[in-house]
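Letter by letter, the chains look like this.
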Amino acid sequence: MRLLALLFLVPAILMAQEPPRAVPVDPSLQRDVGQDWFQHGRNVYESAKRTNGPTQFELYGRAAEIFSRYIGEYPTHYNTEAAWWYLGQSYRAIGRPDDAKRCFHTLLNRFGKGRYAAAAAYSLAADHYNNRQYALAATLFEKLAVIATKPSDRQRGQFYAAQSYEMLNQDRRAIAFYRQLLDDPEANSGYTSRAEVALGSLYAKDGRLEEALQMLGKVAVSASTPDIRGKAALEAGAVAARLGDAELSDKYFNLILRTPGMEDFRPDAQIALMAARFDQKRYQEVVKIFSQSSTPTSGEREAKRLMLGARSYMMLDRNADAMPLFRAIERLTLPDPSYAFDASYFRLLCFYRIEGRHVLDQVDAFLELYRKKHPRDPKIHTALLMKAETLFADGNPTEAADVYRDIDPTKLSAKNRRGMLYQRGRCLADANDPEGAIKSLTDFITKFPDDERVPLARATRGSAYAQTGQPGLAIADFQQIIDTTKDYKLLTIAYLESADISKQQNELDAMINYYLAFLKEVPDPDSDAVAKASYWAGWAMVKRNRGAESIPYLEKARELSPKYYEKHAGLLLCLVHLSLKKPDELIPELEVAITKGYALSLPDQLIRWAADQAFNRRDFVNAARFYDLIADGENPELAPKEVWRFLGKARNESGDPTGALIAVNHALEQESDPAWQADCLNGKGRSLYMLKRYDEAMVAVEEGLALRPEGRVGASLHMLRGEIFEAQGNIKEAIRSYVLPVQLMADGDQVVKPQALTRLIGALEKDGQLDTAARYREELNRKYPGWKEQ
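Keep in mind it's a predicted model, so treat the numbers as computed, not measured.

The rules behind each value
Residues numbered from 1 in each chain as written. Predicted model: local features only at pLDDT ≥ 70, side-chain atom pairs only at ≥ 80, totals over all residues. Heavy atoms only, no water. Helix = DSSP H or I, 4+ residues; strand = E, 2+ residues; numbered from the N terminus. Rg over C-alpha atoms; globule rule 2.2 N^0.38 Å. Buried < 20%, exposed > 50% of the residue type's maximum accessible area, 1.4 Å probe, protein only. Contact = heavy atoms within 4.5 Å. Areas by Shrake-Rupley, 256 points an atom, 1.4 Å probe, with all protein chains shown as cover. Lys, Arg positive; Asp, Glu negative; His and termini not counted. Charge placed at Lys NZ, Arg CZ, Asp CG, Glu CD. Phe/Tyr/Trp six-rings, centres within 6.5 Å; stacked < 30°, edge-to-face > 60°. Lys NZ or Arg CZ within 6 Å of the ring centre and 35° of its normal. Core = buried A, V, L, I, M, F, W, Y, C linked by side-chain atoms within 4.5 Å. Expected span 1.5 Å × (residues − 1). Salt bridge = Lys/Arg side-chain N within 4 Å of Asp/Glu carboxyl O. 1 Å grid on protein atoms, 1.4 Å probe; cavity = no way out; pocket = protein on both sides within 12 Å on 5 of 7 lines; lining within 4 Å. Points joined across faces, edges and corners; volume = space filled by probe spheres on them. Nonpolar A, V, L, I, M, F, W, Y, C, P; charged D, E, K, R; others polar. Polar contact = N/O pair within 3.5 Å; in protein donor to acceptor, adjacent residues only side chain to side chain. Axes fitted to C-alpha atoms, helices over the stretch in contact; angles between N-to-C directions. Parallel < 35°, antiparallel > 145°, perpendicular 65-115°, else oblique. Left-handed = near helix turned anticlockwise from the far one by under 90°.

(A) The overall build of the protein chain, seen in detail. Of regular secondary structure, the protein chain possesses 41 helices and zero strands. On C-alpha atoms alone, the protein chain measures out to a radius of gyration of 57 Å, which is more than a quarter above the 28 Å that the 2.2 N^0.38 rule sets for 790 residues. Relative to its full complement of 790 residues, the protein chain shows a buried share of 50%. Across the protein chain, the fraction of contacts at a sequence separation of at least 24, relative to all contacts at a separation of at least 6, is 52%. For the protein chain, the computed accessible surface area is about 38900 Å², with 49% contributed by carbon and sulfur atoms. Taken together, the 105 basic and 107 acidic charged side chains of the protein chain have centroids lying 7 Å from each other.

(B) Layout of the packing of aromatic side chains. On inspection of all chains with the given rule, the structure shows 35 aromatic pairs. Relative to tyrosine 370, the ring of phenylalanine 366 lies with its centre 5.3 Å away and its plane at 50°, an arrangement referred to as tilted. Of this pair, phenylalanine 366 and tyrosine 370 are both found in helix α19 (residues 359-370), four residues apart, which corresponds to roughly one turn of the helix. Each member of the pair, phenylalanine 366 together with tyrosine 370, is buried. A network of ring pairs unites the aromatic residues Tyr122, Tyr129, Tyr134, Phe141, Phe159, Tyr160, Tyr178 and Tyr191 as a single cluster. Lying across the ring of tyrosine 122, arginine 156 places its NZ or CZ 4.2 Å from the centre.

(C) Expanded view of the nonpolar core. With 192 residues, the main nonpolar core has Phe141, Tyr178, Phe326 and Phe366 as its most contacted residues. The dominant element in this core, judged by the number of residues it contributes, is helix α6 (residues 115-130), at eleven residues. Beyond its immediate chain neighbours, meaning those up to four positions away, phenylalanine 141 contacts Tyr122, Ala125, Ala126, Tyr129, Gly157, Tyr160, Ala161 and Ser164. The next biggest cluster of nonpolar side chains, apart from the first, holds 33 residues, and it includes Ala599, Trp609, Ala611 and Ala639.

(D) Expanded view of helix α41 (residues 770-783). Counted at 1.5 Å a residue, the expected span for α41 with its 14 residues is 20 Å, and the 20 Å between its end C-alpha atoms agrees. Those residues of α41 hidden inside the fold are in contact with α39 (731-744) and α40 (752-767).

(E) Spotlight on the pattern of salt bridges. Following the criterion strictly, the structure yields 61 salt bridges and no others. One salt bridge in this structure joins aspartate 99 and arginine 96, with 2.7 Å as the shortest N-O distance. The class for aspartate 99 is partly exposed, based on a relative accessible area of 22%. Arginine 305 is the partner of glutamate 302 in a salt bridge, and the nearest nitrogen-oxygen pair spans 2.9 Å. Of this pair, glutamate 302 and arginine 305 both sit in helix α16 (residues 299-315), separated by three residues, roughly a single helical turn. Residue classification places arginine 305 among the buried residues on the basis of a relative accessible area of 12%. Sharing partners across several salt bridges, the network here consists of Asp250, Arg277, Arg282 and Glu285.

(F) Examining empty space enclosed by the protein more closely. In this structure the tally under the stated criterion is one cavity of 30 Å³ or more. Around the largest cavity sit Arg645, Lys649, Val664, Asp679, Cys680 and Gly683, which together line it. Every element with two or more residues in the lining of the largest cavity is listed here: α34 (641-653) and α36 (674-690). Here the lining of the largest cavity takes three residues from α36, the largest share from any one element. Partitioned by chemical class, the residues of the lining of the largest cavity number two nonpolar, one polar and three charged.

(G) Up close: helix α28 (residues 527-543). For α28, with 17 residues, the first-to-last C-alpha span of 24 Å sits near the 24 Å given by 1.5 Å per residue. Turning to α28, its buried residues number three or more, namely Ala529, Val530, Ala531, Ala533, Ser534, Tyr535, Ala537, Gly538, Trp539, Ala540 and Met541. In the core, the buried residues of α28 are packed alongside α26 (488-504), α27 (508-521), α29 (547-560) and α30 (562-579). The N-terminus of α28 is capped by aspartate 526, whose side-chain oxygen sits 3.0 Å from the backbone nitrogen of aspartate 528. Where α28 ends, the next residue or the one after it, asparagine 545, has phi of about 60°, a positive value.

(H) Geometry of the packing of helix α12 (residues 226-242) against helix α13 (residues 246-258). At a minimum axis separation of 7 Å, α12 and α13 run at an interaxial angle of 160°. Judged by the inter-axis angle, α12 sits roughly antiparallel to α13. Crossing geometry of α12 relative to α13 is assigned as left-handed. Contacts from Arg229, Gly230, Ala233, Leu234, Ala236, Gly237, Ala238, Ala240 and Ala241 of α12 reach α13 at Leu248, Ser249, Tyr252, Phe253, Leu255 and Ile256. Among the residues making up the contact of α12 with α13, the classes are represented as eleven nonpolar, three polar and one charged.

Next comes the structure, spelled out in structure tokens:
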């Protein structure tokens, strides 16, 4: 606005300036031909001034010819100075500006000082000023101020020199010339008030608000013309607002609104009132003034008014009300495209805030319009940030990562840059770009160490370090979290991730320590996390030969998460119980393994040991189940013959003679030792006996006895033979068969002999030999007191 005012003002001043008048000479005193030529030229010049159209053009041309001949004939005449001036003006009038400037420069260079030199300096300066050649204009206005003989010319030079320097953004030099003007003891021209307004504005720009307000306020209430007072009041109101004096600011703006002659300033005053309240964050009042606006505006003023109203709505979180105002700004046809750019950006921001549909489409449309023209503008990069965050929030980290990579963090506000670095790091991590995540999160942590999200950033960066094979840096990040945060979720991540890294590095003791610390230090943790920590701590303990310590952790893991750890924890528990030689714990654990279907994953040696232990404990049901895991019915030769033999015994003892018969037959197929063959035949006979296939059973017994076994095997065969006879009703033969093991077995035998005595007593009682039976019962009670057959 200041530029336009000056451009209109300078020509007006130039045209209003009367040419310096030549000193008349009394012709009666002497004859002066040069004077006659000069006077003739002036007469033609004055005639041209009084006419117009083609005649005027012709007369100015004749005047130029006369003054040119005069200067050529009389270069040192006392009117030559004036002639150069009139010649220049004549050239200007007939459209020969370069010749006119040459005349003025000649006048200035030859005569230096005086009325005509001052006029020439002003004319040249004005031309440069109007052509926006402010540096050249400033030099000539300065010269005018120096050579002028009249105070008004001097002050005019000072004023426009200052104005030129303002246009060059050389505010200090401008201030110096305004001060020269105001400090001039003869400063009473029309430039004084204008200089005060301009100087006050520069003071305000320089932050010297109190000085600015004092100067502007003085002019606003002075006797100056309304146009000068209005401008001063407008500037004074803005400065008062910046000083926080809302009452004084309103006073100056309201002065404009009610003073006749200041109508041109009223739209600006109203906008200034809105701007002042906006700066003071009194957004509700801005909206009120905007809604009550009655002064018509257009162009940039209307854009400013709409912008203040819309942005105030935004600050009040009334984004839906702001959007149509921004759209209205976009529709204005303005020379300055920045208004539409800003409005489009703010409208997009409103849309983003209210999470409107098609946010991505809106962002893309904005970028399509403005990205090529403003590639480095912060608004473009903030729009990209909106797009990236929307994609990330919608679960598209790969697409979001591509957009994040296009954002220049230095083009964002400090607040947005902080959030962008953090979010970009998390997004790149989710998009499988750990290197990019590390870079972004490191920038965030380094630049914003006090941000509350730093622990989260460390957690993400730690995982990224682990992915890129930098375990030391990963552990350092997680340890920092452990040392500094109380957030249980973050502690969970730090402990568990550190343990995982330690496992990968085969640092099992450290792994155990992290898991145990998690279980101890994190209150009320997630059950899945507890299950994981418990299992892997137990696993590592087993690896480190600390099996006894692992048991409660493995059991806890299985209890909390059977889906994931039932099998693996159970397998480890079996191994631990085996290593500790604890059959009481191993046998039920193996039962669980069979029930849950993972027993076949256990080593045969463990199962065999458990089976043997169960058999020795007369837990024949489990013994049979365990031996059966090792035995392979389809490939019987693959299983040890002892397994088949004991499987047969366990099946017989647990009431499965059919299964026992199969097992014993497989054992007999492989067995070559007569003693063990006899033992197998004893088992076979027992199976057949239980199946009531007595004849076949007797055949097996006789085959076994034919091998002449000793000890328990032989005694067991005789006892079985007696049972077969007894079952067939041949009590006498049964008695004879029972007597043999009683006689053969030493009293120290606690199994077969008392059993044979019991069978013998029963057979004798059946046969009526009660005295003999009583004698044997007395022996049984004496040698095996309290004995009961199991």
